[in-house]
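Each chain, letter by letter, is given below.
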There are 2 protein chains.
Amino acid sequence: MQKKPRDPDNLGIKLDAQLCFAIYGAAHAFTRTYKPLLEPLGLTYPQYLVMIALWEEDDQPVKAIGDRLGLDSGTLSPLLKRLEQSGLVARKRDRDDERQVRISLTKKGAELKAQAAGVAGAIGKAVGCSVEEAVALRDELIALKQRLTKAGSEKETLPSA
Amino acid sequence: MQKKPRDPDNLGIKLDAQLCFAIYGAAHAFTRTYKPLLEPLGLTYPQYLVMIALWEEDDQPVKAIGDRLGLDSGTLSPLLKRLEQSGLVARKRDRDDERQVRISLTKKGAELKAQAAGVAGAIGKAVGCSVEEAVALRDELIALKQRLTKAGSEKETLPSA
DNA sequence: CGCAATTCAATTGCGCACAATCTAATTACG
DNA sequence: CGTAATTAGATTGTGCGCAATTGAATTGCG
């Protein structure tokens, strides 16, 4: 029985549909898994990602966070205000470049990192795979994202030409 | 040099964070890839998924579509109204069970399927992999989703016990 | 210096996601 | 039969995600 790859450049609508549902479902399953774990911390999933970015490097401008997460100011501005209201971050204009708003962790925000370790542990269980498998999955997702992003821009990110 | 899997049940916050960003980024990259392709059809990505479900099987109740996509009525009700306003679907109460609203394709909605084939082709190129690779990716995503969903419920979906 | 182009952030508007609540219809049970 | 429990769908409120616009600050260039 052959695998009849009769359209190498075309997934076919059936498979395309299945891939659609798969990535869509996986992403939502991920956020749904996180939600109950993050609730005790008072964070949503996107807010958690912002906090991770700040735990990795404190005192970043909005733009840098946006680049890291692939979000624009339309999403980040209100999100950061909520984090500020929660007392986790501070927002202050950069003295040298008044266009920029630098986001920094408050004491409370920095302390939250300890609790986040527990979240990571729970996710490890939920994903139900070894570190090696998690690494492999991470790399595949990154590769998928890069292929999609590359196809989308198709200009600036050319490999060598 | 060993791979020191010192916490087999714990991804570690570093890897957890990376996996977070990876799945988040991949999902968004996917929808961003679809967006310009679906715009000519007048569909958003979630609307496209609903249309796929209806192309596969016409005349479904809202509940069935929700189960297929993992969405509730809070999301689907307004979305379906927009599809109705676009003239792609019709909503009518089931005679036998007046609680149900059955969604069916209009002529226009059914005809749109032909154009969707072109979208699938473009995605095939964007994903930049063979049918076999796409199948593998799909299966991994489905497996990931199931592991996450299983961990979340931890009760009803037990494998055998 | 002076003005145009650029950059950063905020705001607005629309469309998901999802929890919580509500109404109406159906089913189950005594 | 009648009431309780269940089910389907809609509605409300909060929080993303993103395009488009706005406004302020900075940079570039003559």
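Predicted, not measured: the structure shown is a model, and the values here were computed from it.

Caption draft 1: Seen up close, the overall build of chain A. When helices and strands are tallied, chain A shows six helices and three strands. Ordered by position in the sequence, the α and β elements of chain A form the string α-α-β-α-α-β-β-α-α. Out of the 161 residues belonging to chain A, those deemed buried represent 30%. For chain A, the proportion of contacts with a sequence separation of at least 24, taken over those separated by at least 6, is 40%.

Caption draft 2: Seen up close, the protein's contact with DNA strand C. Near DNA strand C you find 26 residues, and of these Pro61, Lys63, Ser73 and Gly74 of chain A together with Gly74 of chain B are the closest. When residues of the surface near DNA strand C are traced back to their parent elements, those giving at least two are α1 (13-38), α3 (62-69) and α4 (73-85) of chain A together with α2 (45-56) and α4 (73-85) of chain B. Top contributing element to the surface near DNA strand C by residue count: α4 of chain B, with four residues.

Caption draft 3: Highlighting the relation of the copies chain A and chain B. When chain A is fitted onto chain B, the two copies agree to an RMSD of 0.0 Å after a turn of 180 degrees and an axial shift of 0.0 Å. With respect to symmetry, the two chain copies, as superposed, fit the operation of a two-fold axis. In terms of proximity to the rotation axis, the leading residue of chain A is Ala27 of chain A, whose C-alpha is 3.0 Å off the axis. Both copies present the same face, since 100% of the interface residues in chain A are matched by interface residues at the equivalent positions in chain B.

Caption draft 4: Summary view of the sheet that holds strand β2 (residues 89-93) of chain B. Residue and element names in this part refer to chain B. In space, the three strands of this open sheet follow the order β1-β3-β2, with antiparallel pairing throughout. With partners counted over all chains shown, the strands left at the sheet margins are β1 (60-61) and β2, one partner each. As paired strands, β2 and strand β3 (residues 101-105) are joined by five bridges and run antiparallel to one another. The partner of Lys92 across the bridge, within β3, is Arg102.

Caption draft 5: Region of interest: the nonpolar core. In this structure, Ile23, Ala26 and Leu49 of chain A together with Ile23, Ala26 and Leu49 of chain B are the most contacted members of the largest nonpolar core, which totals 79 residues. Discounting chain neighbours no more than four positions away, the residues touching Leu49 of chain B are Cys20, Phe21 and Tyr24 of chain A together with Leu69 of chain B.

Caption draft 6: Up close: the interface of chain A and chain B. The partner chain B presents 56 residues to the 56 residues of chain A that form the contact. Contributing elements (two or more residues each) for the side of chain A that touches chain B: α1, α2 (45-56), α5 (107-127) and α6 (131-153) of chain A. Here the element with the most residues in the side of chain A that touches chain B is α1 of chain A; it accounts for 19 residues. Its residues placed into classes, the side of chain A that touches chain B shows 33 nonpolar, 13 polar and 10 charged.

Caption draft 7: Here's a closer look at the environment of Ala27 of chain B. Structurally, Ala27 of chain B is set in helix α1 (residues 13-38). Taking the number of C-beta atoms within 10 Å as the measure of exposure, Ala27 of chain B has 22 and is therefore buried. Separated by 70 residues in the primary sequence, Ala27 of chain B and Asp97 of chain B place their C-alpha atoms 37 Å from one another. If near-sequence neighbours (up to four positions away) are discounted, Ala27 of chain B is found in contact with Ile23 and Ala27 of chain A.

What counts, and at which threshold
For every chain, the first residue of the written sequence is number 1, and numbering continues from 1 along that sequence. Whichever chain is written first is A, and whichever ligand is written first is 1; the rest continue in order. Confidence filtering applies because this is a predicted model: local features only for residues at pLDDT of at least 70, side-chain atom pairs given and counted only at 80 or more, and all residues used for totals across whole chains, interfaces and linings. The helix and strand labels rest on DSSP assignments: H or I over at least four residues marks a helix, E over at least two residues marks a strand, and numbering proceeds from the N terminus. Counts of 20 or more other C-beta atoms within 10 Å of a residue's own C-beta define buried residues, counts of 12 or fewer define exposed ones, and intermediate counts define partly exposed ones; C-beta atoms are placed from the backbone. Note on contacts: residues are paired as contacts if their backbone-placed C-beta atoms lie within 7 Å. Each residue receives a C-beta atom built from its backbone; the residue is near a molecule or strand if that atom lies within 6 Å of it. We place the copies in one frame by least squares, fitting the C-alpha atoms of every residue whose pLDDT is at least 70 in both. The pairing criterion is simple: DSSP has to find at least two bridges between the two strands. For our purposes the nonpolar core covers buried Ala, Val, Leu, Ile, Met, Phe, Trp, Tyr and Cys residues that link as a set through C-beta atoms within 7 Å. Under the scheme applied, nonpolar residues are Ala, Val, Leu, Ile, Met, Phe, Trp, Tyr, Cys and Pro; charged residues are Asp, Glu, Lys and Arg; polar residues are all the others, including Gly.

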